[in-house]
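An overview of the molecular structure
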Amino acid sequence: MSTGIERHETEEALAELIGDRLLERDDHLNAPGFVIRPDDVQSVLADLREEAGFDMLSCVTGQAYDDRYETIYHLKRYADPTREASVVVPTATDEPVSETAEPIYRAADWGERECYDLVGIEYEGHPDHRRILLPETWQGHPLSPDYDQDKPQIVTLSEHANPIQPDHRESDTMFLNIGPHHPATHGVLHVKTVLDGETVVDLDPDIGYLHRCEEQMCQQGTYRHQIMPYPDRWDYVSSGLLNEWAYARAAEDLADIEVPEYAQVIRTMGAELCRIASHMLALGTFALDVYGEFTALFQYTFRDREIVQDILEDLTGQRLMFNYFRLGGVAWDLPEPREEFFENVRDFLDELPAKVVEYNDMVTSNEIFQVRCVDTGVLEPEVAKSYGVTGPVARGSGVDYDLRRDDPYGYYENLEWNVVTEDGMDNYSRVLVRMQEVEESAKIIEQCVDLLEEWPEDDREIQANVPRTLKPDAGAETYRSVEAAKGELGIYIRSDGTDTPARFKIRSPCFHNLSALAEMAEGEYIPDLVASLGSLDIVLGEVDR
Amino acid sequence: MTGVAPLQSGETYLLPERIADLTGLGEFGVLGELVAAFVGAFIVGSLMLAMTGVAGPWAKRKITAAFTDRIAVNHLGPAGIFIIVADSVRLLSKENIIPEDADRPAYDLAPIVIAASALLGFAVIPMGSGIHLADPEVGLAYVFAIAGIASIGLIMAGYASGNKYSMLGGLRAVAQNIAYEIPLVVTGMSVVIFAGSLQMSTIVEAQAEPLVTVAGLSIPAWYAIVNPFAFVLFLVANFAEVGRNPFDMPEAPAELVAGYQTEYSSVYFVLVYLGEFLHIFLGGAIITTIFLGGPAGPGPAELGIVWFLVKIWGVFLLTQWLRSAIPRVRIDQLIEIGWKGMLVLAFANLVLTAVIVALIDAPGL
């Protein structure tokens, strides 16, 4: 297999593999782009997956031009995410129908549903061709050119399937709505489940309750200043800086901006602080799902997360919506007096190991916890890859994939740290991965603090010189991702030469991770479903965007 | 154990008799005794309800907060104690929402059954300081039987609410109660073998003897000390019986929203909640009586009620501690532990106790 993949390392070899199915090239800044016919989707993607080793469908982007619709399949390799390829499928405006990629990549299931929902491209052969974010009765597709924003959307109850209507069908199973208001759904998620006794036979996550048109809002903002506040609102549980970095990376790539090294170190430190805060919250809320509502663990994790929050507040001036990154750097330097700030961070890092020991005593070494979590919610690595699962969830399934190492950005490649993986594939492994990642993040922060302390005073450049109005070249397209707390957070931007993006697409890690829930929970009991959902650590703000 | 002579029924000076004697009601014959019995029941009931009323809104908050690094209520009165008043007003003035699909009157009766079954159990508990309502010869059997009625209340609540979560919670409650009621009763039986009687006063009295005297300190023959194995078994089975962590299956908020009590609001909710707390305290009272020497403790016998309350609060503290620190098991694991583990251990304990007691009592030893 590896020799086969080697053969297809170059763009020419890939073009050759696609052969006469290749209509033309439409290269993106991050990857070669191959334009193909709408009825060749499955055969081309199957070849790229089998022959060229592109085992990850990172993202499906749908967009409308004046003269055509376009679906872009952003492909990557789990073994080496810097080897990317984009498959571009244009379809006619009057009949936007394209072949589905769902049989090749399970990730295309939800991805194509979203394109259908928001842009209006239809996918022939899709097994579940429904809207995903908007209500089923919605009229029109908001991101298509002929969408009438002023038309009122009246959704009558009679048109809507009433989920609480009495069901008099005779059957051995029971239909149960878990959510949208349920203690275990971590937000407004609605999981339609079919139960046989307490065993989950079938489940279908229904998302979109928190859809806030983030992509369109970003399309209306200027690159330079107006977009950066939005990423904080995707994954809003303290991973703000990680999200901001996703936009910063994509936009800096698009406009070719170099970030000063000093700013990169500050960014790295801030991002890892956010990761610790986010993982603490993940551990605490997982405890709520497995322990019950009056658990000490939730309070303990919040106690420790609070220290991180205080540090982040010192750094950015905010506790939730940081808005600290700028294109080309960060908003301002470390807070004065610097010594006090460094001392706070060091105090936190010094106390962290003892706290990790405490967590291990309370959680991972608890026998009841092990009985509950080991071998439940099993996600096989091949299944995980097919769904495009990333982050701690993938690493808990033994998929050694971390963009900080595999597709380096910021200052990560100059620092000493490890990527944590566990082979258990179960809820327990995912908890272990997060707890160990907290320790790894602490290592990174410590090295950043060392660097920042020693940094010469006259060389503290926090922002590159970026023009006030940023207008990337017309037609430039890029898709860049970073390792956010929940996994790969990617941004696709297409520029049309103005100061606002023509298309802004967010690849949410939670969206892809959640799509694998059915694989984990079907055939298990309700408590395991709840634990699996908790171990995915989703934030609905990011799932629905 | 040979030193314990079985006591005859009626030897204990019960609360109603005491009241009758004090007030002179005894002179009015059966009617007077009846009135005295009502007065006694009223006193015991009020005592337990007041304690639960305090435990519910305030002590539980404070205890859980202490376990979880918080402060909890502290604004109303000293240490927030007047939150009890605020809570009463709040809970009683809420709208009582009854679901359209509720199956009445089962829906309305369930909270009463849950609360009343626990309250009735206190009738045979000797609380010390002369507070003991009734002392039938089958006291222990009675208290198990009456506490078991709560299961019916749970399934009534679960079924009659017309809610799938309630239904699942009710089913879980019944499966759990059946699985753990048997080990509970069988372990209780081992105490009966020791004491040679089902009568509560006899069981308490049997534990009053000193077991051994070490350096001038006499250790009483409490059955928790005589047979710690049975004590632990009983404690675990009791947690399952009252549905507390790690066995809080019937509610399991993260899974079943609130289980059988999902659809209850206002006064009904208060009753369900009160019932739950009463059951925790009744469990504590049973444990105290049959394992911890009842109201026995240092100092004069008049302090009995104090020691009794200290002990049942100790059991309550333990339930709250477990709730803060231990994950809940899954329903299938719970049933498995019950039938495959607890039941076997309970019978092993019973047989072992019987053999040991028989050997000790055997002539010539």
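Residues numbered from 1 in each chain as written. Chains lettered and ligands numbered in written order. Predicted model: local features only at pLDDT ≥ 70, side-chain atom pairs only at ≥ 80, totals over all residues. Heavy atoms only, no water.

Bringing the sheet that holds strand 2 (residues 33–36) of chain A into the picture now. Residue and element names in this part refer to chain A. Taking strand neighbours across the sheet as the criterion, the 5 strands line up as 1-2-5-4-3 in an open arrangement whose pairing is mixed. Strand pairing shows two members of the sheet lacking a second neighbour, strand 1 (22–25) and strand 3 (56–64), which therefore form its edges. For this sheet, the mean angle separating the axes of adjacent strands, direction not counted, is 25 degrees. Summarising the sheet, strand 2 and strand 5 (residues 85–92) pair through 3 bridges and their orientation is parallel. Bridge pairing in strand 5 places Phe34 opposite Val87. On the sheet, helix 2 (residues 11–18) packs against strand 1, strand 2 and strand 5 and is oriented at approximately 15 degrees with respect to strand 2. Packing against the sheet, helix 3 (residues 41–50) makes contact with strand 2, strand 4 (68–76) and strand 5, and its axis sits at approximately 15 degrees to strand 4. (Pairing = 2+ DSSP bridges. Helix = DSSP H or I, 4+ residues; strand = E, 2+ residues; numbered from the N terminus. Axes fitted to C-alpha atoms, helices over the stretch in contact; angles between N-to-C directions. Contact = heavy atoms within 4.5 Å.)

Turning our eyes to something else, we now look at helix 6 (residues 240–255) of chain A. Residue pairs spaced three or four apart in an α-helix point in one direction, given the helix's 3.6 residues per turn. The end-to-end C-alpha distance of helix 6 of chain A, which contains 16 residues, comes to 22 Å, matching closely the 22 Å that a straight helix rising 1.5 Å per residue would cover. Directly beyond the C-terminal end of helix 6 of chain A, a positive phi value near 55 degrees is found at Asp256 of chain A. (Expected span 1.5 Å × (residues − 1).)

It is worth spelling out the pattern of salt bridges at this point. Residue and element names in this part refer to chain A. Applying the stated criterion to the full structure yields 52 salt bridges over all chains. Note that Arg113 and Asp128 form a salt bridge whose closest N and O atoms lie 3.3 Å from each other. One end of the pair, Arg113, is in helix 4 (residues 107–118); the other, Asp128, is in the loop between strand 7 (122–124) and strand 8 (174–178), with 15 residues separating them in the sequence. Here Arg113 falls in the buried class, since its relative accessible area comes to 5%. Ionic pairing is found between Asp402 and Arg404, a salt bridge with its closest N-O pair at 2.8 Å. Judged by its relative accessible area of 0%, Asp402 is buried. Via salt bridges that share partners, Glu272, Arg275, Arg395, Asp402, Arg404, Glu437 and Glu483 belong to a single interconnected network. (Salt bridge = Lys/Arg side-chain N within 4 Å of Asp/Glu carboxyl O. Buried < 20%, exposed > 50% of the residue type's maximum accessible area, 1.4 Å probe, protein only.)

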